[in-house]
Amino acid sequence: FDRLNDICSQLKMDAEYLKASVGEVLAAGLAAVSVAQPKDAVEYLGLWLKRHVENDNRQKKLSEVAESISRRRKEEQEVTRALEKEKEQRRLEELQWLKAISQMSDEDTTD
């Protein structure tokens, strides 16, 4: 009886693993087989699964590229903001310098 419980327990864990790892994809593949009703259902399912993996990999790569582009845009925006801040700081320093020169010039003319 213990042996039977062990087998049932193992089968339950195997079923849970399969359901979690391939359940949705396999169900979709089997549905595609059901709709297409090909002569060789096993070959059709195999090709369908292969195409699914290829599409999934392609989608992952596209997501990675999109994420990379997004990161680069954020970096460019940060650089642009830093450059604008530096430009504004230089402009303020130039205005202060011109004001100081103007004040010195005013003092020279009042003497």
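Look above for the structure.
### Digging into the overall build of the protein chain
So, point 1. Along the protein chain, the regular secondary structure elements total two helices and zero strands.
So, point 2. Judged by the C-alpha coordinates and their principal axes, the protein chain covers about 115 × 45 × 15 Å.
So, point 3. The burial tally for the protein chain puts 5% of its 111 residues in the buried class.
So, point 4. Total accessible area on the protein chain is roughly 10400 Å²; 56% of this is exposed by carbon and sulfur atoms.
So, point 5. Within the protein chain, one finds 19 positive and 23 negative side-chain charges whose respective centroids are separated by 9 Å.

### Thoughts on helix α1 (residues 2-36)
An α-helix turns once every 3.6 residues. As a result, residues three or four positions apart point the same way.
So, point 1. Here α1 contains 35 residues, and its C-alpha end-to-end distance of 45 Å is more than 12% below the 51 Å for a straight helix at 1.5 Å per residue.
So, point 2. Its axis deflected by about 70° at Val22, α1 carries its strongest bend there.
So, point 3. Along α1, the positions that sit buried rather than exposed are Gly29, Ala32 and Val33.
So, point 4. Positioned one or two residues after α1, Gln37 has a phi angle of 45°, which is positive.

### So, the environment of Tyr17
So, point 1. Assignment of secondary structure puts Tyr17 in helix α1.
So, point 2. A relative accessible area of 55% places Tyr17 in the exposed class.
So, point 3. Tyr17 sits 14 residues away from Arg3 along the chain, and the two C-alpha atoms are 21 Å apart.

### A word on the pattern of salt bridges
So, point 1. A full pass over the atoms with the stated rule returns four salt bridges.
So, point 2. Close ionic contact of Glu67 with Arg71 constitutes a salt bridge, the shortest N to O distance being 3.0 Å. Residue Glu67 and its partner Arg71 are located together in helix α2 (residues 41-110), separated by four residues, close to a single helical turn.
So, point 3. What makes Glu67 partly exposed here is its relative accessible area of 49%.
So, point 4. The salt bridge involving Arg91 is made with Glu88; its shortest N-O contact spans 3.2 Å. Separated by three residues within a single helix, Arg91 and Glu88 lie in helix α2, roughly one turn from each other.
So, point 5. Classification of Arg91 as partly exposed rests on a relative accessible area of 45%.
So, point 6. Looking at Glu88, the relative accessible area reads 35%, which means it is partly exposed.

### Thoughts on unusual backbone geometry
A negative phi holds for most residues other than glycine; trans holds for most peptide bonds.
So, point 1. Notably, Gln37 is not glycine yet its phi reads approximately 45°, a positive angle.
So, point 2. Here Gln37 lies in the loop between α1 and α2.
So, point 3. What makes Gln37 exposed here is its relative accessible area of 64%.

What counts and what doesn't
- Residues numbered from 1 in each chain as written.
- Predicted model: local features only at pLDDT ≥ 70, side-chain atom pairs only at ≥ 80, totals over all residues.
- Heavy atoms only, no water.
- Helix = DSSP H or I, 4+ residues; strand = E, 2+ residues; numbered from the N terminus.
- Buried < 20%, exposed > 50% of the residue type's maximum accessible area, 1.4 Å probe, protein only.
- Areas by Shrake-Rupley, 256 points an atom, 1.4 Å probe, with all protein chains shown as cover.
- Lys, Arg positive; Asp, Glu negative; His and termini not counted.
- Charge placed at Lys NZ, Arg CZ, Asp CG, Glu CD.
- Expected span 1.5 Å × (residues − 1).
- Bend = angle between axes of the 7 residues up to and from the residue.
- Salt bridge = Lys/Arg side-chain N within 4 Å of Asp/Glu carboxyl O.

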